[in-house]
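Understanding the architecture of this molecule
Take a look at the letters that make up each chain.
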Amino acid sequence: DDDIFSSAFCENSEKLIDVHLFALAAKNYSLSSLGVCTPLEDVLEALKGDSEGATGIKPDEFMNNKKSHEVQVMSELVDSIANYCGIKQVIDIGSGKGYLSSFLSMQYNLKVYGIDSSSSNTNGAHERNRKLKKHWRAYQSRGRENLKSQSLEKANDRPVESEIKCKTINEELLNNANSLQNQGQVIIQDLVRSCAFTEMATPETNTETEADLVTGTQSHETKLSEDVLAILNVLPADAVEDFSSSHYNCGELCEEEKVQRKMTSLKTKARKSSESNLYFPLTSCITAETELNDIITDLEDCMMVGLHTCGDLAANTLRIFTAKPEIKAVCSVGCCYHLLSEQFENQEECHDQVWGFPMCQYLKDKGWCCGRNARMSACLALERVAVGQMLPTESLFYRAVLQVIIEEIYGVTKSDRHVGKTFSKSSSFIDYVRRSLKKLELDDSKLPDSCIMDYYEKYKHRMNEIEAFNMLKVVLAPCIEVLILLDRLCYLKEQENIAWSGLVKLFDPVKSPRCYAVIALKNQLC
């Protein structure tokens, strides 16, 4: 591989002379070629257990296509890890508007604290969660219909077996009808009261509520209700309707109708129980030194997750995970590599600062530095370009010419201010330049339109060079991302309290370019 890379460049001038070899070498150094990732299917298989959240609900009911894909895949993995570790509390770092947090809470019966540094995001998460809970029953209903349709399709392939199972289950329900009649009404009333109280419980009263519920569930009545619910879960879609059909006489109908009502009430209780799951959006800025106990007063054994945690937040998530004994697992998908702080990027030494890169001791000993340009390149999406979603060449050209203007006309080579998404708001190159100068707080009155257009015409013929240069950056992007992700993985490998850690490709990179998760589980004794 090293020979391939060196052959792509001229030995004397060090200029690129073979684009094909360059692209081939870059491909060899991508995560998909290095063989260091653990397949998602293998992870789920190793963690497999009985999931309580399989209701058939798809997050595309209330999210865009990209976010729905991310939340559905990641939430299934998080639930599997939580079940494996025997934990019910999840901390979502950089939770934003709460897409992942609310879905984990409602779909998978997990208690989730979503922490974000933006109060507007937290307020938005509160409002979004309120609306989501309002419509959750409708989503569940559609989800159950989806599961019923799937079950019916499978049943059509095995009609005789389905008839036998249905007959057996119906006979079992009929045999239990008399015992349910005497005990069911008391059970239902108790369950509905406890469910209603749970829905109104605040974080402060929640511990007491759970204690009361645990005490109540030890009784024979609750065991009976759980048995009935277990039977209901395997009933065919039309079993309850057949149960009260005209096959029986009027006296039996009344008896069976009572049983059906009791079972319907029990199903309602189960549904309300899942709806009352807790999700708390919180506003706080998370750093490597953050004490979670100061933010979450009822912190218990939990796992930490992050869906596209920005810049240093991904690194700090891993540091908090290794430092806090309560956190038993972590699943972190980072993004915005260009915002990472680098220890060796500037010559100034800040001994007290915690850096986003490098994390592992190996790269620290090497004094490794990427630099902002390389980190910016790591954010590019090769897979999207490969399927025809081309780079925004014109906006990149506008920005390049603007750079020449502010250097030659204003003598500015570096600024703390940013142009941002000015291109999408501009009607022409002249409009773009003037909007950008105002953002940079530079006086545009001394720059006539004719002068701006002269710069445009001078460099217009070099637009193809801009496109070619950025295509090379795109090809190199996976190699730089590999370095950042392997640094995080090596950091976890260096820790003594980690039972397993790995890189897992979670998402379709065309839908979600930052698709790799850093996952780790602590030793059970930690």
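Structural data are supplied above this passage.
What you see is a predicted model, and the numbers here were worked out from it, not measured in a lab.

Re the overall build of the protein
What the protein contains, in helices and strands, is 22 helices and seven strands. With 526 residues in all, the protein has 42% of them scored as buried. In the protein, once contacts between residues fewer than 6 apart in sequence are set aside, the share between residues at least 24 apart is 73%. Surface exposure of the protein reaches about 28,300 Å², of which carbon and sulfur atoms provide 50%.

A few points about the environment of glutamate 291
Position of glutamate 291 among the secondary structure elements: in the loop between strand E3 (279-283) and helix H14 (292-295). Relative accessible area serves as the criterion here: at 38%, glutamate 291 is assigned to the partly exposed category. C-alpha of glutamate 291 to C-alpha of lysine 324: the two residues are 33 residues apart in sequence and 8.9 Å apart in space. A polar side-chain atom of glutamate 291 sits 3.2 Å from a polar atom in the side chain of lysine 324.

Some words on the sheet that holds strand E4 (residues 302-310)
Read across the sheet, seven strands follow the order E3-E2-E1-E4-E5-E7-E6 without closing on themselves; strand pairing throughout is mixed. Every other strand in the sheet has two partners, leaving E3 and strand E6 (498-505) as the edge strands with one partner each. Within the sheet, the average angular offset between the axes of one strand and its neighbour, ignoring direction, is 15°. Strand direction decides the pairing type here: strand E5 (residues 327-335) and strand E7 (residues 516-522), joined by four bridges, are antiparallel. Pairing of serine 332 across the sheet is with valine 518, part of E7. Seen against the sheet, helix H15 (residues 312-323) touches strand E1 (89-93), E4, E5, E6 and E7 and runs at an angle of roughly 170° to E5. Helix H22 (residues 463-493) contacts E5, E6 and E7 of the sheet and is inclined by roughly 165° relative to E6.

What about the side chain of glutamate 70?
Within the fold, glutamate 70 resides in helix H5 (residues 65-85). On the basis of relative accessibility, which here comes to 0%, the residue glutamate 70 falls in the buried class. Side chain to side chain, glutamate 70 and lysine 66 meet in a polar contact 2.6 Å long. Apart from the residues within four sequence positions on either side, glutamate 70 is in contact with Leu307, His308, Phe507 and Ser512.

Comments concerning the environment of isoleucine 87
By the secondary structure assignment, isoleucine 87 is in the loop between H5 and E1. Classification of isoleucine 87 by relative accessible area gives buried; the value is 3%. The contact partners of isoleucine 87, leaving out residues within four places of it in the chain, are Ala82, Leu110, Asp301, Cys302, Met303 and Lys328.

A look at the packing of helix H19 (residues 393-408) against H22
The description of two packed helices rests on the angle between their axes and on the distance between the axes. For the pair H19 and H22, the least separation of the axes is 9 Å and the interaxial angle reads 110°. Judged on the interaxial angle alone, H22 and H19 are roughly perpendicular. Listed contacts from H22 to Thr393, Leu396, Phe397 and Ala400 of H19 are Met463, Ile466, Glu467 and Asn470. Grouping the constituent residues of the contact of H19 with H22 by class yields five nonpolar, two polar and one charged.

Section: the nonpolar core
With 74 residues, the main nonpolar core has Met74, Leu77, Met303 and Leu506 as its most contacted residues. In this structure methionine 303 touches Val78, Ile81, Ala82, Ile87, Gln89, Val90, Ile91, Ile327, Ala329 and Cys331, once residues within four positions along its chain are discounted. Formed by 20 residues, the second largest nonpolar core is a distinct cluster that contains Ile405, Tyr432, Leu442 and Ile452.

Cut-offs applied
- Residues numbered from 1 in each chain as written.
- Predicted model: local features only at pLDDT ≥ 70, side-chain atom pairs only at ≥ 80, totals over all residues.
- Heavy atoms only, no water.
- Helix = DSSP H or I, 4+ residues; strand = E, 2+ residues; numbered from the N terminus.
- Buried < 20%, exposed > 50% of the residue type's maximum accessible area, 1.4 Å probe, protein only.
- Contact = heavy atoms within 4.5 Å.
- Areas by Shrake-Rupley, 256 points an atom, 1.4 Å probe, with all protein chains shown as cover.
- Polar contact = N/O pair within 3.5 Å; in protein donor to acceptor, adjacent residues only side chain to side chain.
- Pairing = 2+ DSSP bridges.
- Axes fitted to C-alpha atoms, helices over the stretch in contact; angles between N-to-C directions.
- Parallel < 35°, antiparallel > 145°, perpendicular 65-115°, else oblique.
- Nonpolar A, V, L, I, M, F, W, Y, C, P; charged D, E, K, R; others polar.
- Core = buried A, V, L, I, M, F, W, Y, C linked by side-chain atoms within 4.5 Å.

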